[in-house]
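In case you want the letters, here they are:
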Amino acid sequence: MVSFIRKLDEVTGVSGDVERIWACYKTWVSEIRVTLSEADDYVDDFIVKVYGQTEQDQKGSTAEFGSEIENIKSRVSEIMNRSPQLGFSHNLQNIQKLLRSKFDEGTPLVSCMLSLVQEKSGELMEDKAQENLERLVDLGMLEEEVSIWDSFSVPSPYYELSPSVMNAEDFFISSQNSESIISPTARHVSILEAANTITSMNSLLHSLFVSAKGGLSKASLDCLRAVLHNAKLLRVLDLENTNLKNLPDEVWHLVNLRYLGVIQSELNELPQSISNLRNLQTLDISWSGDEFELSNGVQNLTQLRHLKMYRPMNDGEVRVPQGISRLRNLQSLEVIYAGGGIAKELGIMTQLRSLEVRCVSEDHADELYVSVMKLTRLQKFSFSVEKERESYDSSSSSSLEYENSIIPCLESFLSPPPLLQKA
């Protein structure tokens, strides 16, 4: 933004007007941001408040909530109505022309920025996110990492601009060698090499990312528990390389969580109390313990869209409870064992777009085939066969022979679900 203002100065020769524009709009936008953040927090507070209330108490809380929302709407309307009036200036007209030429809604940059906050009716957020990523890559604002799957980096000069953007969004990063104190207003915190660096944080925290290659010390784990106890508004919790064998009990009280990632841990199970996380949309327990089994509590996660449980082929499959088909919004399901009636249940999960099944055997191969053919939205499907470790992946370009397969019916995938992708 600073370099852009300097460019305006060069074009118009009236830095005073530019500074006035910037000062007015900066104050105005900041006021809008604060008000909307307060509204966001109030909604999350309401969710926490009504959780566990009696029906009668919920009615009272809902009425109070509706009244406060009306007050917030009035405040936002009042702020919008007094947007900065900059008056007429020939130089301002020149600036506005430059703004339109550089930032018109038809330009790729602004279209991309607008699409980050607008969602069309009937459109999946995953499709919109993928579209945004592709456009950011096309614009050169992101670069795909060749050596790391599904990862991106921010190239120069956008990388140099990122600190100011992070400050505006109340995002804070702490590393092992960092001497910075986490801001009391930070809403999004990332702690790298967190073996001994977790400190206290404010109760308005919305996102917390923690990684520790050597695992968390007892002191850091105690600090993490204290942070989670107060972070009732937390929506994103990502714990990576922590070597945790059990998640802190405080996690199961975070009813606003949308994303829970526990990657490269020593977890072998999740407790029944995971059912408390009714707003959870993504659960990622990839590279977890060798023999992982999901509890029945996962069946209550009716908002869940992605269940990611990747592990190397030799590390086996994940056992899911009967009744998994209650997760009607699920779009991706990884490395599950489909025996014991699960193969039949998969046919009901018609929103699935990505499915990976392991250790398929004769006793459920036919049911699996029938179910997969019902999944008309399926875009990616892979499976491995028990003992033989024979595998099939719809996204692989290599052709596989099934002449000696214990499940010859899968040859019929020559007529797969219509959206199943071929590389």
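Residues numbered from 1 in each chain as written. Predicted model: local features only at pLDDT ≥ 70, side-chain atom pairs only at ≥ 80, totals over all residues. Heavy atoms only, no water.

Trainee: Looking at this structure, I do not really get the nonpolar core. What am I missing?
Mentor: Across soluble globular proteins, nonpolar side chains have a tendency to be buried as a group. Among the nonpolar cores identified, the biggest contains 67 residues, and L208, L260 and L355 are the most heavily contacted of them. Per-element accounting of this core gives the leading share, 4 residues, to helix α8 (residues 218-230). Excluding residues within four positions of it along the chain, L260 makes contact with L237, L247, V251, W252, L277, L280, T282, L283 and D284. (Core = buried A, V, L, I, M, F, W, Y, C linked by side-chain atoms within 4.5 Å. Buried < 20%, exposed > 50% of the residue type's maximum accessible area, 1.4 Å probe, protein only. Helix = DSSP H or I, 4+ residues; strand = E, 2+ residues; numbered from the N terminus. Contact = heavy atoms within 4.5 Å.)

Trainee: Looking at this structure, I do not really get the environment of N230. What am I missing?
Mentor: Its place among the elements puts N230 in helix α8. For the pair N230 and S203, spaced 27 residues apart in the sequence, the C-alpha separation amounts to 5.3 Å.

Trainee: Mind showing me how you'd approach the pairing of strand β5 (residues 207-211) here?
Mentor: Looking along a regular strand, one sees the side chains alternate between the two faces of the sheet. Burial of β5 is extensive: 4 of the 5 residues sit out of reach of the surface. Following the backbone out of β5, through α8 and into the adjacent parallel strand β6 (residues 236-240), one traces a crossover that is right-handed. (Right-handed = clockwise from strand over helix to strand, strands pointing away.)

Trainee: It is not clear to me how a nonpolar patch on the surface should be interpreted in this structure. Could you clarify?
Mentor: There is a patch of nonpolar side chains on the surface, built from V154, Y158, Y159 and L161 and spanning about 370 Å² of accessible area. With respect to the secondary-structure elements, L161 resides in helix α7 (residues 158-168). (Patch = residues over 30% accessible without salt bridge, like charges linked within 9 Å, V, L, I, M, F, W, Y side chains within 5 Å. Areas by Shrake-Rupley, 256 points an atom, 1.4 Å probe, with all protein chains shown as cover. Salt bridge = Lys/Arg side-chain N within 4 Å of Asp/Glu carboxyl O.)

Trainee: Sorry, what's going on with the packing of aromatic side chains here?
Mentor: Geometry of an aromatic ring pair is reported as the spacing of the ring centres plus the angle between the planes. With the rule as written, the count across this model stands at 2 aromatic pairs. An angle of 65 degrees between the planes, with centres 5.4 Å apart, marks the rings of W287 and Y310 as edge-to-face. Of this pair, W287 sits in the loop between β8 (282-284) and β9 (306-308) while Y310 sits in the loop between β9 and β10 (332-337); the two residues are 23 residues apart in sequence, bridging distant segments of the chain. Look at Y310 and you get partly exposed, because its relative accessible area is 34%. Geometrically, the ring pair formed by F381 and F383 is tilted, given 5.6 Å between the ring centres and 35 degrees between the ring planes. A single burial state applies to F381 and to F383, both of which are buried. Just above the ring of Y337 sits the side chain of R319; from NZ or CZ to the centre is 3.9 Å. (Phe/Tyr/Trp six-rings, centres within 6.5 Å; stacked < 30°, edge-to-face > 60°. Lys NZ or Arg CZ within 6 Å of the ring centre and 35° of its normal.)

Trainee: Honestly, the side chain of E317 in this entry has me stumped. Any pointers?
Mentor: For E317, the position within the fold is in the loop between β9 and β10. Of note is the side chain of E317, whose polar atom sits 3.3 Å from the side chain of R319. When neighbours within four sequence positions are excluded, E317 is seen to be in contact with F292, V335, I336, Y337, R358 and C359. (Polar contact = N/O pair within 3.5 Å; in protein donor to acceptor, adjacent residues only side chain to side chain.)

Trainee: Even after reading the chapter, I still don't get the pattern of salt bridges, so can you show me in this structure?
Mentor: When charged atoms on two side chains of opposite charge get close, those side chains can pair. Applying the stated rule across the entire model yields 9 salt bridges. With a closest N to O distance of 2.9 Å, D127 and R353 form a salt bridge. One end of the pair, D127, is in helix α6 (residues 125-138); the other, R353, is in the loop between α9 (342-346) and β11 (354-360), with 226 residues separating them in the sequence. Owing to a relative accessible area of 34%, D127 belongs among the partly exposed residues under this scheme. R358 is the salt-bridge partner of E356, the closest N and O atoms lying 3.1 Å from each other. The same class applies to E356 and to R358, which are both buried. The network of salt bridges with common partners includes K218, D222 and R225.

Trainee: How should α8 be read in this particular structure?
Mentor: The end-to-end C-alpha distance of α8 is 19 Å, a good match for the 18 Å that 13 residues give at a rise of 1.5 Å each. Among the residues of α8, those classed as buried are S220, L221, L224, V227 and L228. Burial along α8 is one-sided: seen end-on, the buried residues are contained in an arc of 120 degrees. Opposite the buried face of α8, by more than 90 degrees, sit the exposed residues K218 and A219. Turning to α8, the residues buried within the fold contact β5 and β6. (Expected span 1.5 Å × (residues − 1). Arc of directions from axis to C-beta.)

Trainee: Please explain the pairing of strand β3 (residues 171-174) as it appears in this structure.
Mentor: A one-sided burial pattern is seen for β3, the buried positions being F172 and S174 and the unburied ones F171 and I173. As defined by bridge partners, β3 adjoins strand β4 (residues 188-191) across 4 bridges and the pair is classed as parallel. The residue bridging I173 from the neighbouring strand is S190, located in β4. (Pairing = 2+ DSSP bridges.)

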